[in-house]
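Now for the letters of each chain:
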Amino acid sequence: QVKLVESGGTLVQAGGSLRVSCAASGRTSSTNAMAWFRQTPGKEREFLAAITWTLGSTVYADSVKGRFTISKDNAKNSVYLQMSSLKPEDTAVYYCALKETAFGRYNYWGQGTQVTVSS
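These figures come from a predicted structure and were not determined experimentally.

### Looking at the environment of G104
So, step 1. Relative to the elements of secondary structure, G104 occurs in the loop between β9 (92-99) and β10 (108-109).
So, step 2. A residue is classified by how much of its surface remains accessible, and G104, at 25% relative accessible area, is partly exposed.
So, step 3. Taking the C-alpha atoms as reference points, G104 and G16, separated by 88 residues in sequence, lie 35 Å from one another.

Below is the structure:
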């Protein structure tokens, strides 16, 4: 089993920056990739970015490309999402997720951290 714990969500002004973190514990040796998603009430969970655990290859959703950066620290079993030029529409609960195979689903999820961007 893997446990994911997000942190760092807070209230930030539009145009500001914020970094959220996710720490993984448990059986993390099989990690293939980790990712960030977000969700607002009444909407489906939205993929934001992912990073492969060994090579550090990254992929981003078009909606955040150029504003958000995903990174990892293998020694700390942690993944980060650096967000800049934040907009009110970035307000959401941000979740990290982990998968153990390249073509599998993200099967481990954190509890989420709230990011609120004020205008």
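That was the structure; now back to the text.
### A few points about the side chain of R38
So, step 1. Along the chain, the position of R38 falls in strand β4 (residues 33-39).
So, step 2. Here the side chain of R38 touches Y94 through a polar contact of 3.0 Å, side chain to side chain.
So, step 3. Aside from chain neighbours lying at most four places away, what touches R38 is E44, R45, E46, L48, S63, V64, F68, E89, D90, A92, V93 and Y94.

### What to know about the sheet that holds strand β3 (residues 18-26)
So, step 1. Strand order across the open sheet formed by four strands is β1-β3-β8-β7, with antiparallel pairing between neighbours. The open sheet is flanked by β1 (2-7) and β7 (68-73), the only strands paired with a single partner. For this sheet, the mean angle separating the axes of adjacent strands, direction not counted, is 15°.
So, step 2. Summarising the sheet, β7 and strand β8 (residues 78-83) pair through six bridges and their orientation is antiparallel. Of the residues in β8, the one forming a bridge with I70 is L81.

### Re the side chain of T113
So, step 1. Its location among the elements puts T113 in strand β11 (residues 113-118).
So, step 2. Residue class for T113 comes out buried when judged on its relative accessible area of 10%.
So, step 3. Among the polar contacts made by the side chain of T113, one reaches the main-chain amide nitrogen of G9 at a distance of 3.0 Å.

### A few points about unusual backbone geometry
So, step 1. With a phi angle near 50°, N77 is a residue other than glycine that sits in the positive phi range.
So, step 2. If you trace the backbone, N77 turns up in the loop between β7 and β8.
So, step 3. Although it is not a glycine, S85 sits at a positive phi angle of roughly 50°.
So, step 4. Looking at where S85 falls in the secondary structure, it is placed in the loop between β8 and β9.

### Here we look at the packing of aromatic side chains
So, step 1. Within this structure, the stated rule accounts for three aromatic pairs.
So, step 2. Their ring planes at 75° and their centres at 5.6 Å tell us that F37 and Y106 sit as a pair that is edge-to-face. With F37 in strand β4 and Y106 in the loop between β9 and β10, the pair connects residues that are 69 residues apart, well separated along the chain. Assigned by exposure class, F37 and Y106 land together as buried.
So, step 3. With a centroid separation of 4.8 Å and 55° between ring planes, the pair formed by F37 and W109 is classed as tilted.

### Considering the nonpolar core
So, step 1. The biggest cluster of nonpolar side chains holds 29 residues, and the ones touching the most others in it are L4, W36, L81, M83 and Y94.
So, step 2. Taken together, the elements giving at least two residues each to this core come down to β1, β3, β4, β5 (46-52), β7, β8, β9 and β11.
So, step 3. What M83 contacts, discounting residues up to four positions off in sequence, is G16, S17, L18, V20, R67, F68, Y94 and V115.
So, step 4. By size, the runner-up hydrophobic cluster in this structure holds six residues, among which are A33, A35, F37 and A50.

About the criteria used
- Residue positions are given per chain, counting from 1 as you read along its sequence in written order.
- Per-residue local features of the predicted model are confined to residues with pLDDT of at least 70, and side-chain atom pairs are confined, for both listing and counting, to 80 or more; whole-chain, interface and lining totals are unaffected and use all residues.
- Values shown for side chains rest on all heavy atoms present in the structure; no hydrogens or waters enter the calculation.
- For the purposes of this entry, the term helix denotes a DSSP run of H or I that reaches at least four residues, the term strand denotes a run of E that reaches at least two, and both are numbered from the N terminus.
- Classification of residues uses two cut-offs on accessible area relative to the type maximum, computed with a 1.4 Å probe and protein chains only: under 20% is buried, over 50% is exposed, and between them is partly exposed.
- Pairs of N or O atoms within 3.5 Å make up the polar contacts considered here, provided that, within protein, one atom can donate a hydrogen while the other can accept it, and that residues adjacent in sequence are counted only when both atoms are side-chain atoms.
- Here, residues are in contact when the closest pair of their heavy atoms is within 4.5 Å.
- The rule for pairing is simple: two strands pair if DSSP sees at least two bridges between them.
- For helices, the fitted axis covers only the stretch in contact; all axes are lines through C-alpha atoms, and the angles between them, taken along N-to-C directions, range from 0 to 180 degrees.
- Here a pair means two rings of Phe, Tyr or Trp (six-membered ring of Trp) with centres within 6.5 Å. Their orientation is stacked below 30 degrees between planes, edge-to-face above 60, and tilted elsewhere.
- The criterion is simple. A nonpolar core is a set of buried Ala, Val, Leu, Ile, Met, Phe, Trp, Tyr and Cys residues joined through side-chain atoms within 4.5 Å.

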